[in-house]
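Residue-level structure breakdown
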Amino acid sequence: MRSYKNNKKLSLWPIMGLAISLSTSPAFSHGGEEPTPKSSKNTYYFDAESGMLNLPKVIVGDKTYSAELKQKPGVLEFTVDNAVLISQCRLLVAARLFDGIQLHTDKALLIEGNIVKQVGTQAELAAQCDNVTDLGDATILPGFIESHAHITFQNVDAETVLKHGITTVRDVGGPSLAATGGHGSLRLLSSGPIIQAPNGYPTNLFGGDASHQAHDPEASTEGSHAPAAGAHGAMTVIGASVETVEQARETVRHFVEAGAVVIKIALEPGGEHGAPWSSNSHGHGGPALPWPMLPLEVVQAIVDEAHDLGVTVTAHVGENEGVTLALDAGVDEWSHVPCAAIDESLLQRAADQGVKVVTTIDTLSNCMGIAANTTSLAAKGVTFIYGSEIGHNDVPWGINAEELHSILHLTGTSPLEIFQSATSKAGETLGIEHLGTLVQNAPADIIAVKGNPFEKFKPLEYPDLVISGGKTVVDNFSAQ
Ligand SMILES: [Zn+2]
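1. Looking at the overall build of the protein
A tally of regular secondary structure across the protein gives 16 helices and 25 strands. Classification of the 480 residues of the protein by burial places 50% in the buried group.

2. Section: helix α11 (residues 320-329)
Within α11, the full set of buried residues consists of Gly322, Val323, Leu325, Ala326 and Ala329. Viewed end-on, α11 has its buried residues packed into an arc of 160 degrees, placing them on one side of the element. Contacts made by the buried residues of α11 are with β18 (262-267), α10 (296-308), β19 (312-317), β20 (333-334) and α12 (344-352). Gly330 occupies a position one or two residues after α11 and carries a positive phi of about 80 degrees.

3. Describing the sheet that holds strand β11 (residues 144-149)
Taken in spatial order, the three strands line up as β11-β12-β13 in an open sheet, and their pairing is parallel. Only two strands of the sheet have a single neighbouring strand rather than two, namely β11 and β13 (187-190). The mean inter-strand angle of the sheet, taken between neighbouring strand axes irrespective of direction, is 20 degrees. Note that β11 and strand β12 (residues 166-171) share four bridges and pair parallel. Directly across from Ile145, in β12, lies its bridge partner Thr168.

4. Section: the nonpolar core
Counting 118 residues, the largest nonpolar core has Leu109, Ile263, Ile265, Leu267, Ile302, Ala326 and Ala448 as its most contacted members. Each of domain 2 (90-142 + 441-475) and domain 3 (145-427) accounts for three or more of the residues forming this core.

5. So, the sheet that holds strand β8 (residues 103-112)
Judged by pairing direction, the sheet is mixed, and its seven strands sit side by side in the order β9-β8-β7-β10-β23-β24-β25 without closing on themselves. Lying at the two open borders of the sheet, with one neighbouring strand each, are β9 (115-120) and β25 (471-475). Going across the sheet, the axis of each strand differs from the next one's by a mean of 35 degrees, ignoring polarity. As paired elements, strand β24 (residues 465-468) and β25 share four bridges and run antiparallel to each other. Note on β25: the bridge partner recorded for Ile467 is Thr472.

6. Describing unusual backbone geometry
Omega for the bond connecting Tyr201 with Pro202 falls within 30 degrees of zero, at 10 degrees, which places this linkage in the cis form. Structurally, Pro202 is set in the loop between β14 (194-196) and α5 (203-206). The omega angle of the peptide bond from Leu289 to Pro290 is -10 degrees, so this bond is cis rather than trans. Residue placement: Pro290 occurs in the loop between α9 (276-281) and α10. Its identity as a non-glycine residue notwithstanding, Asn155 has a phi of 55 degrees, on the positive side. Turning to its location among the elements, Asn155 is positioned in the loop between β11 and α4 (158-163).

7. Some thoughts on the packing of α12 against helix α13 (residues 370-379)
Two elements in contact, α12 and α13, have axes separated by 9 Å at closest approach and are oriented at 45 degrees. One finds that α12 runs oblique with respect to α13. You can see that α12 and α13 cross each other, and the crossing is right-handed. Contacts between α12 and α13 involve Glu344, Leu347 and Ala350 from the former and Asn373, Ser376 and Leu377 from the latter. Tallied by class, the residues present in the contact of α12 with α13 amount to three nonpolar, two polar and one charged.

8. Digging into the pairing of strand β7 (residues 90-98)
Burial analysis of β7 places eight of its nine residues in the buried class, the great majority of the element. Taken together, the eight bridges between β7 and β8 define a ladder with antiparallel strand orientation. From the neighbouring strand, Ala94 faces β8, where its bridge partner is Lys107. Counting the residues that bridge the hairpin from β7 to β8 gives four residues, and of these Gly100 lies at a positive phi of roughly 100 degrees. Two strands pair when backbone bridges link them, and β7 and strand β10 (residues 132-142) are joined in this way by six bridges, in the parallel orientation. Across the sheet, the residue bridging to Arg96 is Thr139, located in β10.

The rules behind these values
Residues numbered from 1 in each chain as written. Predicted model: local features only at pLDDT ≥ 70, side-chain atom pairs only at ≥ 80, totals over all residues. Helix = DSSP H or I, 4+ residues; strand = E, 2+ residues; numbered from the N terminus. Buried ≥ 20, exposed ≤ 12 C-beta atoms within 10 Å, placed from the backbone. Arc of directions from axis to C-beta. Contact = placed C-beta atoms within 7 Å. Pairing = 2+ DSSP bridges. Axes fitted to C-alpha atoms, helices over the stretch in contact; angles between N-to-C directions. Core = buried A, V, L, I, M, F, W, Y, C linked by C-beta atoms within 7 Å. Domains from an automatic or database assignment. Parallel < 35°, antiparallel > 145°, perpendicular 65-115°, else oblique. Left-handed = near helix turned anticlockwise from the far one by under 90°. Nonpolar A, V, L, I, M, F, W, Y, C, P; charged D, E, K, R; others polar.

Nothing here speaks to function; it is geometry throughout.
Structure (structure tokens):
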């Protein structure tokens, strides 16, 4: 690693007739080689074109720039390490390309900087980019989205998750965090702590109640990130207790302000056989059953407030009582297929109300009702979203092929639909345009595997190519 001062005026390419230049002395550090200025249109040090025009934000170090950067040329200082560094274009060619929606054959993918520029045939795109990688008999896919994880709470190594094919994680139960990552690091979006009844699940098992921070107007932003002392020692926050409608609304507002992309609630009286959370409560000194539940009026207030703020609500439910509460309050999504067998009439209501269900079937495989619930929900036309509970002991830190298999066997849907549930359908609710797809202007979050993952899921756990926001993280193709 070396760095040098570039005292030259660095001109960036004219953007829609507006020339931007940086007349400060940007300090570059670059992985061992000096950036070589070229007159080519494809050469930038800073991704002004795609970053400013195609993404809502440009993150430089700890600052976020948006359109105002256009008004203030010359004020920008950055290093290549922490800026959105553009590489030259890259044209990936493979036998198969899944764009998040459809499977194509003999297509090429043009990436420029941190975005997808175009999908087309190699012949169509060759003129735009001469940096071609032919992956051969391989399949290009969008990076997978894990919609039910506890990365932060369980101290899961984000880089491991990324290298194993997950480019975006929705952390549902953990500290309140603004969105991070997406440029060579795991894109992490959060719900903040799980809103729950006082003394209820999950803090009755895990400790770490954040409710005092959520309700204390004096609490600093830093405060909500600080580890709280839980039953198992220092631990980040997992739950936030609310008692009243007003507390519930205030907590939702607080979490959304802090960056929550979804609000999570727990409606869990405990006692389902085979559930990971039940095993903790059996035996020595577990909390007495039934665990306290939020009353309907409080759940309704949470849903109303969240919807007013433009975010959806996902509920941890595992049996009939929690499911009924969620349906009565108009909750948008279940964070799991329920563990206990659920009444058919309730599953039908879920289908009729358009409830989406995050799968997490693998980690709940000992649950009595998991198979029947999954099969029945599928038959009723419910939309599933792929989720594997990264952070639980028994699932891998990355794409979980066993989860994909379970969905396939229990729902009878196609691999294509299952991959959609882990890409485009998962991306729809996360507020980043085109996330989970490989269409024009989508984030360049890309994986590729040798062979055909539509016939065999397992290789997805060890992708041969992982690109996050245009930055290559794994590349077994170029190494050959
Ligand atoms: Zn969970």
